[in-house]
Amino acid sequence: MKKGISIIEYLKNDKIQRLIYGGILLLWIFVGLNFVKYKYDSSPFYFDIFYAIIIPTAILTLPIIINRKIFWLLAFGLSIFHGIWTTYKIVFNYFWYFHRDYITNPKCILKDIGISVLLIVVSFLVSWIIWKMKPKKTEEIE
């Protein structure tokens, strides 16, 4: 029986890691930026939306250029923060739904819940992938 390469071993390849970071960056640009305004519109402290766009874009671009542990750690920290913040905003948004004076169409509520669950799952899936893509240790030059 032929033994294949596991996904974890496949994710250890430097070129594959850079391609996946590029895919995550594209996911952030085409999907994540649309939700930035939603996430920061009711923040209790002032946070400029410009920084909410530029900082994650820079953090996700760095591992593509230089694949080092520090940039991996920044990308992983950003993905965990993004997953937790998304979950927090979605949960408290649905508490607001239940405290309204009127009831909206149940199909709309189910659609919103489905999209929200998908966002949470994708956020934590990206975090898991980044966790498994920890770059190899660099050898010391003597």
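No experiment lies behind these values; they were computed from the predicted model shown.

Cut-offs and rules
- Going along each chain's sequence as written, the residues are numbered from 1 onward.
- Side-chain atom pairs in this predicted model are given and counted only at pLDDT of 80 or more, local residue features only at pLDDT of at least 70, and totals for whole chains, interfaces and linings cover all residues.
- Only heavy atoms go into the side-chain values, all of them from the structure, while hydrogens and water stay out.
- Each helix corresponds to a stretch of at least 4 residues labelled H or I by DSSP, and each strand to a stretch of at least 2 residues labelled E; elements are numbered beginning at the N terminus.
- Accessibility here uses a 1.4 Å probe with only protein chains present; expressed as a share of the type maximum, an area under 20% marks a residue as buried, one over 50% as exposed, and anything in between as partly exposed.
- Contacts are assigned to residue pairs that have any heavy atoms within 4.5 Å of one another.
- Note on areas: these come from Shrake-Rupley sampling with a 1.4 Å probe, and a residue is covered only by the protein chains present in the view.
- Among buried residues, those of type Ala, Val, Leu, Ile, Met, Phe, Trp, Tyr and Cys that are joined through side-chain atoms within 4.5 Å constitute a nonpolar core.
- Multiplying 1.5 Å by the residue count of a helix minus one yields the expected span of that helix.
- Any pair of nitrogen or oxygen atoms within 3.5 Å is treated as a polar contact; in protein, a donor-acceptor pairing is required on top of that, and neighbouring residues in sequence qualify only through side-chain atoms on both sides.
- The aromatic pairing rule takes the rings of Phe, Tyr and Trp, using the six-membered ring of Trp, and pairs them if the centres are within 6.5 Å, calling planes under 30 degrees apart stacked, those over 60 edge-to-face and the rest tilted.
- The predictor attaches a confidence to each residue, called pLDDT, with possible values from 0 through 100.
- What counts as a salt bridge is simple: a side-chain nitrogen of Lys or Arg found within 4 Å of a carboxyl oxygen of Asp or Glu.

Draft legend 1. Seen up close, the overall build of the protein. When you go through the protein residue by residue, the secondary structure sums to six helices and zero strands. Counting from the amino terminus, helix and strand elements in the protein follow one another as α-α-α-α-α-α. Burial status across the protein gives 28% buried among its 142 residues. By sequence separation, contacts in the protein at least 24 residues apart represent 79% of the contacts at least 6 residues apart. Of the roughly 10,600 Å² of accessible surface on the protein, a fraction of 70% belongs to carbon and sulfur atoms.

Draft legend 2. Just the nonpolar core, in detail. By size, the foremost hydrophobic cluster in this structure holds 14 residues, and its most contacted members are Tyr21, Ile24, Leu60, Ala75 and Ile130. Elements with a minimum of two residues in this core: helix H2 (14-30), helix H4 (49-65), helix H5 (69-98) and helix H6 (106-132).

Draft legend 3. View of H2. With 17 residues, H2 ought to run about 24 Å at 1.5 Å a step, and its terminal C-alpha atoms sit 24 Å apart, in line with that. Listed as buried for H2 are Ile16, Gln17, Tyr21, Gly22, Ile24, Leu25 and Trp28. The N-capping residue of H2, defined by a side-chain oxygen 3.2 Å from the backbone nitrogen of lysine 15, is asparagine 13.

Draft legend 4. Here's a closer look at the packing of aromatic side chains. For the structure shown, the criterion picks out five aromatic pairs. Consider the rings of tryptophan 72 and phenylalanine 76, whose centres lie 5.8 Å apart with planes at 5 degrees: the pair is stacked. Taken together, the positions of tryptophan 72 and phenylalanine 76, both in helix H5 and four residues apart, correspond to about one turn of that helix. For phenylalanine 76, a relative accessible area of 18% gives the class buried. When the centroid spacing of 5.9 Å and the interplanar angle of 40 degrees are considered together, the rings of tryptophan 72 and tryptophan 131 count as tilted. Here the residue tryptophan 72 occupies a position in helix H5, and tryptophan 131 occupies one in helix H6, the gap between them amounting to 59 residues.

Draft legend 5. Region of interest: the side chain of glutamine 17. Along the chain, the position of glutamine 17 falls in helix H2. Discounting residues that sit within four places of it in the chain, glutamine 17 has contacts with Leu11, Lys12, Asn67, Met133, Lys134 and Pro135.

Draft legend 6. Expanded view of the confidence of the model for the protein. In the predicted model, the protein carries a mean pLDDT of 77, and the fraction of residues at 70 or more is 68%. Per-element averaging of pLDDT across the protein places helix H3 (residues 36-40) at the bottom with 56 and H2 at the top with 87.

Draft legend 7. Geometry of the pattern of salt bridges. Using the criterion set out here, one finds one salt bridge in the structure. Across the pair aspartate 14 and arginine 18 runs a salt bridge whose closest N-O atoms are separated by 3.0 Å. Here aspartate 14 pairs with arginine 18, and both are found in helix H2, just four residues apart, close to one helical turn. Under the relative-accessibility criterion, aspartate 14 is labelled partly exposed at 35%.

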